[in-house]
Amino acid sequence: MRRPFIAANWKMNKTVPEAMDFVYAFLPAVAEVKDRDIVLAPPFTSLFALAERLAGTNIGLSAQNLFYEEKGAFTGEVSAAMLEDVGCDYVITGHSERRQYFLETDETVNRKAKIAQGNGLSVIFCIGESLNEREAGMTYDVLRRQLRNGLSEVDVRKLVVAYEPVWAIGTGKTATPDQAQEAHKYIRDELRGIYKNDADSVRILYGGSVTPENADSLMACADVDGALVGGASLKPDSFEKIVKFKGGINK
Ligand code: PEP
């Protein structure tokens, strides 16, 4: 059975006091939620403070990025060992904003995933097609390429996959449950090709304009095991409602 997994991607939002204010309101609101994984991914600058506050709670901590070398002369970069040391459990790799604005490729995403896992972190590995690619009928080609190249030698036991159609991120255009399920089923089948039976235990999250209003219907899909949430994760009450989605737990 796959335990639901709901993660907040705060992107470049929130100072340390703002992050602490969020946690002050959010922690008690979800303290009794024991049947799903809840993860916060703040900017690097809030990781240390949040790690101290979240220690011993039911909320995990993720970074949003890392560099693919162990250490050295890479000004401005942050290593996997540093993230592990500061208290992270997870790191996001391959987010479409990193692919788009920072020119990350399947190869660099793959190197990041491997070095993260080598330092004890689990990876939230993002894939997804653009609107042009979808309209050109290339969705599955893109997903297949991103999965096969990006997951080469990546350990299935420390892996969460996030399907985030680029056209749905931050746009208010959510994939319909049918569109999400179709893509997630394709991703599950591809994962079977890579990981055989272990693919059945991989959580596949949907990301792209998830809100309290659409979370229940998306989470009810057979191969949707959780959500990666951007905009709607910035307010504690809105993210609480998504975390507490109803139904679809026993997959
Ligand atoms: C994201 O960036 O991971 C995301 C899903 O953003 P939003 O929920 O705002 O579409």
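See the structure printed just above.
About the cut-offs
Residues numbered from 1 in each chain as written. Predicted model: local features only at pLDDT ≥ 70, side-chain atom pairs only at ≥ 80, totals over all residues. Heavy atoms only, no water. Helix = DSSP H or I, 4+ residues; strand = E, 2+ residues; numbered from the N terminus. Expected span 1.5 Å × (residues − 1). Buried < 20%, exposed > 50% of the residue type's maximum accessible area, 1.4 Å probe, protein only. Contact = heavy atoms within 4.5 Å. Core = buried A, V, L, I, M, F, W, Y, C linked by side-chain atoms within 4.5 Å. Axes fitted to C-alpha atoms, helices over the stretch in contact; angles between N-to-C directions. Parallel < 35°, antiparallel > 145°, perpendicular 65-115°, else oblique. Left-handed = near helix turned anticlockwise from the far one by under 90°. Nonpolar A, V, L, I, M, F, W, Y, C, P; charged D, E, K, R; others polar. Pairing = 2+ DSSP bridges. Near = heavy atom within 4 Å. Polar contact = N/O pair within 3.5 Å; in protein donor to acceptor, adjacent residues only side chain to side chain. Areas by Shrake-Rupley, 256 points an atom, 1.4 Å probe, with all protein chains shown as cover. Salt bridge = Lys/Arg side-chain N within 4 Å of Asp/Glu carboxyl O.

> Describe helix α8 (residues 177-195), naming the residues involved and giving the relevant values.
Compared with an ideal rise of 1.5 Å per residue, which puts 19 residues at 27 Å, α8 spans 26 Å between its outermost C-alpha atoms and is within 8% of the ideal. Along α8, the residues classified as buried are Ala180, Gln181, Ala183, His184, Tyr186, Ile187, Arg188, Glu190, Leu191 and Tyr195. Contacts from the buried residues of α8 go to β5 (122-127), α7 (139-150), β6 (159-163), β7 (203-207) and α9 (215-219). Positive backbone phi, approximately 55°, marks Lys196, located one or two places after α8.

> Give me the lowdown on the nonpolar core, citing residues and values where you can.
Counting 68 residues, the largest nonpolar core has Phe26, Leu40, Leu83, Ile187, Leu191, Tyr206 and Phe239 as the members making the most contacts within it. Residues in contact with Phe239, not counting those within four places in the same chain, are Ile6, Ala7, Ala8, Phe22, Phe26, Ile38, Val39, Leu40, Val229, Ala232 and Ser233. Ala41, Val160, Leu205 and Leu228 belong to the second largest nonpolar core, which has 12 residues in total.

> Explain the packing of helix α1 (residues 16-30) against helix α10 (residues 236-243) to me, using residue names and the numbers behind them.
Running from N to C, α1 and α10 point in directions that differ by 30°, and their axes come no closer than 9 Å. As summarised for this structure, α1 and α10 are arranged roughly parallel, according to the angle between their axes. Seen along the crossing, α1 lies across α10 with a hand that is right-handed. Across the interface between the two elements, Phe22, Ala25, Phe26, Ala29 and Val30 from α1 touch Pro236, Phe239, Glu240 and Val243 from α10. Across the contact of α1 with α10, the residue classes break down as 8 nonpolar, no polar and 1 charged.

> How would you summarise the sheet that holds strand β8 (residues 226-229) if you had to cite specific residues and measurements?
An order of β1-β2-β3-β4-β5-β6-β7-β8 is seen for the 8 strands of this closed barrel, with the pairing classed as parallel. Across the sheet, the mean angle separating the axes of adjacent strands is 25° when strand polarity is ignored. Pairing analysis gives 2 bridges linking strand β3 (residues 59-63) to strand β4 (residues 90-93), with the strands arranged parallel. Pairing of Ala63 across the sheet is with Val91, part of β4. Contacts from α1 reach β2 (37-41) and β3 within the one sheet, and its direction differs from that of β2 by about 175°.

> Talk me through the site of the ligand; I want residue IDs and the actual numbers.
Around the ligand there are 14 residues in total, and Lys11, His95, Glu164, Gly170 and Ser209 lie nearest to it. One of the side-chain nitrogen or oxygen atoms of Lys11 is found 2.5 Å away from an oxygen atom of the ligand. Within the backbone of Gly170, one N or O atom sits 2.6 Å away from an oxygen atom of the ligand. Here the ligand has 290 Å² of accessible area as a free molecule, and 96% of this is covered by the chains. Considering only residue class, the shell around the ligand consists of 4 nonpolar, 8 polar and 2 charged.

> So what about the pattern of salt bridges? Which residues, and what values?
Under the defined criterion, the tally for this structure stands at 21 salt bridges. Note that Arg192 is salt-bridged to Asp189, the shortest N-O span being 2.9 Å. Residue Arg192 and its partner Asp189 are located together in helix α8, separated by 3 residues, close to a single helical turn. On the basis of relative accessibility, which here comes to 35%, the residue Arg192 falls in the partly exposed class. Beyond isolated ion pairs, a larger network of salt bridges with shared partners links Arg2, Arg188, Asp223 and Asp225.

> Describe in detail unusual backbone geometry, supporting the description with residues and values.
The backbone phi angle of Lys14 is positive, close to 90°, even though this residue is not glycine. Relative to the assigned elements, Lys14 resides in the loop between β1 (5-9) and α1. Despite not being glycine, Lys196 has its phi angle at roughly 55°, a positive value. Structurally, Lys196 can be placed in the loop between α8 and β7. Note on Lys196: relative accessible area 55%, which makes it exposed.

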